[in-house]
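In case you want the letters, here they are:
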Amino acid sequence: MYLEHLHLLACPRCRGDLLCVRTEQARDDGSLLDGALGCLACQKEYPVIGGVPRFVPRENYASGFGLEWTKHARTQYDSYSGLKVSEQRFLGQTHWPRELEGQRILEVGSGSGRFTEQAANTGATVVSLDFSYAVDANHASNGARRNVLILQADVFAMPFRPGTFDRLFCFGMLQHTPSPRLAFQALPGVLRPGGAMCADIYKVSLVRTVLQTKYWVRPLTRRMNPDRLYARVRRWVDFMWPLARLIRTLPKGYAINWRLLVADYSFLGLDGAMLKEWSYLDTFDMLAPRYDRPATLTTFRRWAVDAGLTDIETEYTPHGVVLRATAPPQPSAL
Ligand SMILES: C[S@@+](CC[C@H](N)C(=O)[O-])C[C@H]1O[C@@H](n2cnc3c(N)ncnc32)[C@H](O)[C@@H]1O
């Protein structure tokens, strides 16, 4: 972390100011690699490990995501795949301009950081947090950028003062928390009055959910040791691959493959080893998360109304439901 970003943080327990209280490894460019931050008010200390301040234990209910994004640290990055998938989703969902220099953006639930890269490209100062140790993968890709700060932290106890950010986005995370509603409601308070937010969530639809075979096996797989599950997923995808290749030639065959628990991104134009890499990643991503709690568009909208947000817009996308809104005129107490 660059110490010039320290003023953006506050103690998640008491909102006191944080200081660097221990330096074990630092660089001449003003970055702290290993050491500790301490709260001036309550004296609580938070380690900085590998350039990332840690406000939660390394292992927790999201450790499967830590494994997933360590194994596939670059797989879905546009700068790796050559696609524009993350850029299009970032700009298409947020409706934000490409240039945001001088603004502060918060990303919640960043995984390996494919959207951190997009947000950082706007020139804004980007603070990006995730509950899992996927933050190490994000740091390896984006941590050296002067306008990026990466944290291992929990959406339910974020280390910020109210009103710190101009904008925030939260993609692919809410359904993977124990309470998507409470996670959503934790977000607006860190925005300045009139700040912009954008979040998405898997869509619940009775028919779709019943037909989604992942929900048939998840009661078993969500409890499995992530390493063991990942090995089994690879074996399953390898075993099914010749059949999946045939099915893919049918009209909308890729959708059948998803039902057979083989994530199939051939519709993006991927092929060969890259297609298989995405398949390992997202087949595991279907089965491993401890929580997978989708919502309806109506429910999602109601959360936003209850949080006092204004200018609420919702739409269906291939990823579920997207919501854009503006923070209320007064920052709420966190
Ligand atoms: C499906 S991944 C999405 C990653 C990234 N946004 C993307 O779309 O590529 C969901 C992420 O949410 C994170 N997450 C789950 N619970 C969280 C919490 N309580 N606080 C912060 N992040 C959380 C997980 O660790 C995981 O990396």
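In what follows, the accompanying structure is described. (Residues numbered from 1 in each chain as written. Predicted model: local features only at pLDDT ≥ 70, side-chain atom pairs only at ≥ 80, totals over all residues. Heavy atoms only, no water.)

This paragraph deals with the overall build of the chain. For the chain, the count of helices and strands is 12 helices and 11 strands. Its C-alpha atoms give the chain a radius of gyration of 20 Å, near enough to 20 Å, the size a compact globule of 334 residues would have. For the chain, the spread of C-alpha atoms along the three principal axes comes to 60 × 45 × 35 Å. Considering the chain as a whole, with its 334 residues, one finds that 56% of them fall into the buried category. Sequence-distant contacts in the chain: of pairs separated by 6 or more residues, those separated by 24 or more amount to 64%. Carbon and sulfur atoms make up 55% of the accessible area of the chain, which totals about 14600 Å². (Helix = DSSP H or I, 4+ residues; strand = E, 2+ residues; numbered from the N terminus. Rg over C-alpha atoms; globule rule 2.2 N^0.38 Å. Buried < 20%, exposed > 50% of the residue type's maximum accessible area, 1.4 Å probe, protein only. Contact = heavy atoms within 4.5 Å. Areas by Shrake-Rupley, 256 points an atom, 1.4 Å probe, with all protein chains shown as cover.)

Bringing helix α9 (residues 226–247) into the picture now. In an α-helix, one turn spans 3.6 residues, which is why side chains three or four residues apart end up on the same side. At Trp241, α9 shows its maximal kink, close to 55°; a proline, Pro242, follows between one and four residues later. Buried residues of α9: Leu229, Tyr230, Val233, Val237, Met240, Trp241, Ala244 and Ile247, and no others. Next to the buried residues of α9 lie α1 (63–71), α8 (214–221), α10 (253–259) and α11 (272–287). Among the residues of α9, the N-terminal cap falls to Asn225, whose side-chain oxygen and the backbone nitrogen of Asp227 are separated by 2.9 Å. (Bend = angle between axes of the 7 residues up to and from the residue. Polar contact = N/O pair within 3.5 Å; in protein donor to acceptor, adjacent residues only side chain to side chain.)

Around the ligand there are 23 residues in total, and Tyr61, Gly109, Asp130, Asp154 and Phe171 lie nearest to it. In this structure, Trp69 approaches the ligand through a side-chain N or O atom, which is 3.5 Å from an oxygen atom. Backbone polar atom of Phe171 to a nitrogen atom of the ligand: 2.7 Å apart, as the coordinates give it. When the ligand is considered free in solution it has 600 Å² of accessible area, and contact with the protein chains removes 97% of it. (Near = heavy atom within 4 Å.)

Here we come to the packing of α9 against α11. Relative to each other, α9 and α11 sit at 130°, their axes nearing to 9 Å. Our classification of the angle between α9 and α11 gives oblique. Read as a crossing pair, α9 and α11 show a hand that is right-handed. Mapping the contact onto sequence places Pro226, Leu229, Tyr230, Val233, Arg234, Val237, Asp238 and Trp241 in α9 and Leu275, Lys276, Ser279, Tyr280, Thr283, Phe284 and Leu287 in α11. Each residue belonging to the contact of α9 with α11 can be placed in one class, and the counts come to 10 nonpolar, two polar and three charged. (Axes fitted to C-alpha atoms, helices over the stretch in contact; angles between N-to-C directions. Parallel < 35°, antiparallel > 145°, perpendicular 65-115°, else oblique. Left-handed = near helix turned anticlockwise from the far one by under 90°. Nonpolar A, V, L, I, M, F, W, Y, C, P; charged D, E, K, R; others polar.)

Now for the sheet that holds strand β2 (residues 32–39). Across the sheet, which stays open at both edges, the four strands sit in the order β1-β2-β3-β4 with antiparallel pairing between neighbours. Each edge of the open sheet is held by one strand with a lone partner, namely β1 (18–26) and β4 (52–53). Bridging between β1 and β2 involves seven bridges; their strand directions are antiparallel. Following the sheet pairing, Leu18 is matched in β2 by Cys39. (Pairing = 2+ DSSP bridges.)

Turning our eyes to something else, we now look at the environment of Ala263. One can find Ala263 in the loop between α10 and α11. With relative accessibility at 0%, the residue Ala263 sits in the buried group. In contact with Ala263, other than residues within four places in its own chain, are Trp258, Ser279, Asp282, Thr283 and Met286.

Moving on, we get to the environment of Trp303. Mapped onto the elements of the fold, Trp303 is located in helix α12 (residues 297–306). Each C-alpha atom of the pair Trp303 and Phe184 lies 7.4 Å from the other, and the pair is 119 residues apart in sequence. Beyond its immediate sequence surroundings of up to four residues, Trp303 is in contact with Pro180, Arg181, Phe184, Gln185, Ile201 and Ala295.

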